[in-house]
Amino acid sequence: MFTSHLGELFALLTAIFWTATSLSFQQATRRAGSLSVNVLRLLIAFFIYGFISYFSRGLFLPFDASTHQWIWMSISGLIGFVFGDYFLFKSYELISARISMLIMSLSAPLAAFIGWFILGETMNFISILAMFITIFGIMMVITEKKKLDDLKAGLKNKKIQFSFSPKGMLFAFFGSIGQALGLVLSKYGMRDYNVFAATQIRIIAGAIGFVILISLIKRWPKVKQAVTDSISMRFIVIGSIFGPFLGVYMSLLAVKYTTVGIASTIMAIIPVLIIPPAILLYKEKVTVKEVVGAFIALGGIVLFFI
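First, a word on what this report is: a plain description of the structure on this page.

### Topic: the overall build of the chain
Along its length, the chain carries 14 helices and two strands. Taken over the C-alpha trace, the chain has a radius of gyration of 20 Å; the compact-globule value for 306 residues is 19 Å, and the two agree within 12%. In terms of principal-axis extent, the alpha carbons of the chain reach across some 75 × 50 × 35 Å. Across the chain, every contact between residues at least 6 apart in sequence was considered, and the portion connecting residues at least 24 apart equals 82%. Only carbon and sulfur atoms are counted for the fraction: they give 70% of the accessible area of the chain, which is about 14400 Å². In the chain, the 26 positive side-chain charges and the 12 negative ones have mean positions that sit 6 Å from each other.

### Section: the environment of Lys 224
Position of Lys 224 relative to the elements: it lies in helix 9 (residues 220-227). Since its relative accessible area comes to 62%, Lys 224 is described here as exposed. The sequence separation of Lys 224 and Ser 36 amounts to 188 residues, and the corresponding C-alpha distance is 8.4 Å.

### Digging into the packing of helix 7 (residues 166-190) against helix 10 (residues 230-257)
For the pair helix 7 and helix 10, interaxial distance at closest approach is 10 Å and the crossing angle is 65°. Between helix 7 and helix 10, the angle is such that the two are roughly perpendicular. As helix 7 packs across helix 10, the resulting crossing turns out to be right-handed. Contacts from Leu 183, Ser 186, Lys 187 and Met 190 in helix 7 reach Ser 251, Leu 252, Val 255 and Lys 256 in helix 10.

### As for the packing of aromatic side chains
By the definition in use, this model includes 19 aromatic pairs. Each ring, one from Phe 87 and one from Phe 174, has its centre 5.1 Å from the other, and the planes form 70°; the classification is edge-to-face. Placement of the pair is Phe 87 in helix 3 (residues 67-92) and Phe 174 in helix 7, with a sequence separation of 87 residues. For Phe 174, a relative accessible area of 25% puts it in the partly exposed group.

### Considering unusual backbone geometry
Here Lys 218, not a glycine, exhibits a phi torsion of approximately 55°, which is positive. Position of Lys 218 relative to the elements: it lies in the loop between helix 8 (195-216) and helix 9. Residue classification places Lys 218 among the exposed residues on the basis of a relative accessible area of 71%.

### A few points about a nonpolar patch on the surface
The grouping of Ile 128, Phe 132, Ile 135, Met 139 and Phe 162 at the surface amounts to a nonpolar patch, some 460 Å² of accessible area in total. The dominant element in the nonpolar patch, judged by the number of residues it contributes, is helix 6 (residues 125-142), at four residues. In this structure, Ile 135 sits in helix 6.

### Structural notes on the pattern of salt bridges
Proximity of charged atoms lets side chains of opposite charge pair with each other. The tally for this structure, following the rule as stated, stands at five salt bridges. A salt bridge links Glu 290 to Arg 98; the shortest N-O distance between them is 3.2 Å. A residue pair is termed long-range when its members are at least 10 positions apart, and Glu 290 in helix 14 (residues 288-302) and Arg 98 in helix 4 (residues 97-104) qualify at 192 residues. Here Glu 290 matches Arg 98 in class, with each residue buried.

### Considering the side chain of Ser 34
Take Ser 34: it is sitting in helix 2 (residues 34-57). The contact partners of Ser 34, leaving out residues within four places of it in the chain, are Thr 29, Tyr 86, Phe 89, Lys 90 and Glu 93.

### A look at the side chain of Ser 240
Among the structural elements, Ser 240 can be located in helix 10. Reaching out from Ser 240, the side chain makes a polar contact with the backbone oxygen of Ile 236 at a distance of 2.6 Å.

### Quick look at the packing of helix 8 against helix 10
Helix 10 packs onto helix 8 with a crossing angle of 125° between their chain directions and a minimal axis gap of 9 Å. In terms of axis orientation, helix 8 runs oblique to helix 10. Handedness of the crossing formed by helix 8 with helix 10: right-handed. Together, Val 195, Phe 196, Ala 198, Thr 199, Arg 202 and Ile 203 of helix 8 and Pro 244, Phe 245, Val 248, Tyr 249, Leu 252, Leu 253 and Lys 256 of helix 10 make up the contact between the two elements. Among the residues forming the contact of helix 8 with helix 10, the class breakdown is 10 nonpolar, one polar and two charged.

Cut-offs applied
Residues numbered from 1 in each chain as written. Predicted model: local features only at pLDDT ≥ 70, side-chain atom pairs only at ≥ 80, totals over all residues. Heavy atoms only, no water. Helix = DSSP H or I, 4+ residues; strand = E, 2+ residues; numbered from the N terminus. Rg over C-alpha atoms; globule rule 2.2 N^0.38 Å. Contact = heavy atoms within 4.5 Å. Areas by Shrake-Rupley, 256 points an atom, 1.4 Å probe, with all protein chains shown as cover. Lys, Arg positive; Asp, Glu negative; His and termini not counted. Charge placed at Lys NZ, Arg CZ, Asp CG, Glu CD. Buried < 20%, exposed > 50% of the residue type's maximum accessible area, 1.4 Å probe, protein only. Axes fitted to C-alpha atoms, helices over the stretch in contact; angles between N-to-C directions. Parallel < 35°, antiparallel > 145°, perpendicular 65-115°, else oblique. Left-handed = near helix turned anticlockwise from the far one by under 90°. Phe/Tyr/Trp six-rings, centres within 6.5 Å; stacked < 30°, edge-to-face > 60°. Patch = residues over 30% accessible without salt bridge, like charges linked within 9 Å, V, L, I, M, F, W, Y side chains within 5 Å. Salt bridge = Lys/Arg side-chain N within 4 Å of Asp/Glu carboxyl O. Polar contact = N/O pair within 3.5 Å; in protein donor to acceptor, adjacent residues only side chain to side chain. Nonpolar A, V, L, I, M, F, W, Y, C, P; charged D, E, K, R; others polar.

Shown next as structure tokens:
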């Protein structure tokens, strides 16, 4: 049973690891800033991957990868890490990880659509219906009706407004696009290559991308400040182990053993998994409507199994 569902099991582990990393990086980002956290976590992950690869494969760097794998896994890393995670981490500065992860659940239908468009994977009417149900659940959480006084007309009108920062939610949406496209490109670029080494290429590309970006905008003093902050570094190290290392590795194992759509579906249960720790650890106030919306979004995602 477990052997025939390896992809699904790896996807579930990915969801658990990413729940832990999102909560850790939320705390780190609010102290040190998104760029500092991004580059430091990838540099930490780079050395973790290098040492493990050296002792397990005899290679500190994946020199045995083909040109095809280097090109496409690097592009995947740049899109997934530099573009996607940059905006995801920026969203942490404006909204909670719980809301960011809920919006990031859109990466499941987006990945299914991109997988259908690029890789020819199945996407039928049920998949399209699931996408709309997921979007409905998300909209239920992020919007609310407020009565606003129209002073000029002397009337009271109901208008749909966002419950959270629109800018923060837009950043999270960009993050979901980066994750979905990065995952599809990973599957295309990886082929039969070693999953661990393929992930290492993504890490290298992402780290180089952030090093160049930070150098261009001259943000290294901010990175240095983050390194000297013990609390920030503690959250960054924890997040780096569960995110770029265990989480990303498990996500690539998931798409290797099952379709991108199914893997992304299981990974997208994070908005539900994150509710208990958000309440218990960070004392967030979660309304019944938000919980129901998260489960509706999850229900839409589960439809991808049908």
